[in-house]
Amino acid sequence: MVLIGPPGAGKSTVGRLLAERWGLDLVDTDAEVESATGRTISDIFVEDGEPAFRALEVEAVRAAVRRPGVLALGGGAPMQEPVQELIADLPVVLLEVGIADASPRIGFDRSRPLLSVNPRAQWSRLMEQRRPTYARLADVVVDTSGRSADDVATAVAAALEDGAP
Ligand SMILES: Nc1ncnc2c1ncn2[C@@H]1O[C@H](COP(=O)(O)OP(=O)(O)O)[C@@H](O)[C@H]1O
Ligand SMILES: O=C(O)C1=C[C@@H](OP(=O)(O)O)[C@@H](O)[C@H](O)C1
Ligand SMILES: [Mg+2]
């Protein structure tokens with residue numbers, strides 16, 4: 001199964017919790033890109049630009065969908081058509097969050113380069129653009145506002161009828 005949603009929705013955290021519950025591997029595309037290149041997401045954005053990061057992200061998804069497990073995508077990954085094609089046959093769960101909950105979770109440090117300047121406005125603008133695509137791709141939507149990551153994992157599992165993917 002695949003987790004999508006805005007930065008701060010908890011995709012990486014809830015993905016790890018679900019993988020533990022189900023005894024499956026977790027692939028977090030950001031972590032894969034960092035370990036494949038030996039560089040941080042932030043350095044890749046600054047030194048090579050966003051298109052270079054997006055190409056690496058597609059390759060991480062391509063490798064991940066070959067094996068069973070939980071796949072946590074970066075927030076921008078589902079906007080790429082090749083990613084949409086690669087995840088088309090997998091159950092897709094959208095983790096929803098508003099700016100009020102996302103903001104303290106993210107803390108808006110430099111680890112998310114798209115949000116390093118005027119982060120709250122950037123987050124809101126990006127999510128306005130992305131929301132229709134997220135909604136179109138999602139089989140299940142789980143609201144994370146005011147819920148712990150554990151509760152979110154439970155809600156995702158219940159929404160998928162406790163069946164591991
Ligand atoms: N439901 C939640 N409630 C509170 N904090 C959360 C929740 N989910 C994740 N977090 C925290 O928010 C931060 C961002 O979570 P992360 O999993 O990296 O989100 P994403 O991968 O969607 O950007 C982390 O510090 C994480 O511990
Ligand atoms: O929204 C985005 O475009 C991005 C989100 C990040 O992942 P998270 O959504 O896990 O924070 C990471 O892939 C990169 O900084 C770009
Ligand atoms: Mg993440």
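That block above? That's the structure.
Keep in mind the model is a prediction, meaning the values are calculated, not measured.

(A) A look at the site of ligand 1. Not every one of the 15 residues close to ligand 1 is listed here, only the nearest: Gly 10, Lys 11, Ser 12, Thr 13 and Arg 105. Breaking the shell around ligand 1 down by element, the ones donating at least two residues are helix 1 (11-22), helix 6 (99-106) and helix 8 (149-159). The element that contributes the greatest number of residues to the shell around ligand 1 is helix 1, accounting for three residues. Considered class by class, the residues forming the shell around ligand 1 number five nonpolar, seven polar and three charged.

(B) Region of interest: the packing of helix 3 (residues 41-48) against helix 4 (residues 50-64). Where helix 3 contacts helix 4, the two axes come as close as 7 Å, and the packing angle between them is 130°. Accordingly, the angle class assigned to the pair helix 3 and helix 4 is oblique. The segment helix 3 lies against helix 4, with Ile 41, Ile 44, Phe 45 and Asp 48 engaging Glu 50, Ala 52 and Phe 53. Looking at the contact of helix 3 with helix 4 residue by residue, the class counts come to five nonpolar, no polar and two charged.

(C) Local environment of the pairing of strand 4 (residues 92-96). Within strand 4, four of the five residues are buried, which leaves it mostly tucked inside the rest of the structure. Relative to strand 4, strand 1 (residues 2-4) runs parallel, the two being bridged by three bridges. Residue pairing across strands places Ile 4 opposite Leu 94, the latter belonging to strand 4. Pairing analysis gives four bridges linking strand 4 to strand 5 (residues 140-143), with the strands arranged parallel. Paired with Val 93 across the strands is Val 140, a residue of strand 5.

(D) Geometry of the environment of Ala 19. Considering the arrangement of structural elements, one finds Ala 19 in helix 1. Taking the C-alpha atoms as reference, Ala 19 lies 14 Å from Leu 73; in sequence the two are 54 residues apart. Other than its neighbours up to four places away in sequence, Ala 19 contacts Leu 24, Asp 25, Leu 26, Gly 69 and Val 70.

(E) The sheet that holds strand 3 (residues 70-72), seen in detail. Read across the sheet, five strands follow the order 2-3-1-4-5 without closing on themselves; strand pairing throughout is parallel. The sheet is open, and its two borders are formed by strand 2 (26-28) and strand 5, each paired with just one other strand. Across this sheet, the average inter-strand angle for adjacent strands is 20°, counted without regard to direction. Strand direction decides the pairing type here: strand 2 and strand 3, joined by three bridges, are parallel. The residue bridging Leu 26 from the neighbouring strand is Val 70, located in strand 3.

Calculation criteria
Residues numbered from 1 in each chain as written. Chains lettered and ligands numbered in written order. Predicted model: local features only at pLDDT ≥ 70, side-chain atom pairs only at ≥ 80, totals over all residues. Near = placed C-beta within 6 Å. Helix = DSSP H or I, 4+ residues; strand = E, 2+ residues; numbered from the N terminus. Nonpolar A, V, L, I, M, F, W, Y, C, P; charged D, E, K, R; others polar. Axes fitted to C-alpha atoms, helices over the stretch in contact; angles between N-to-C directions. Parallel < 35°, antiparallel > 145°, perpendicular 65-115°, else oblique. Contact = placed C-beta atoms within 7 Å. Buried ≥ 20, exposed ≤ 12 C-beta atoms within 10 Å, placed from the backbone. Pairing = 2+ DSSP bridges.

Note that all results are geometric; they support no functional claim without further evidence.
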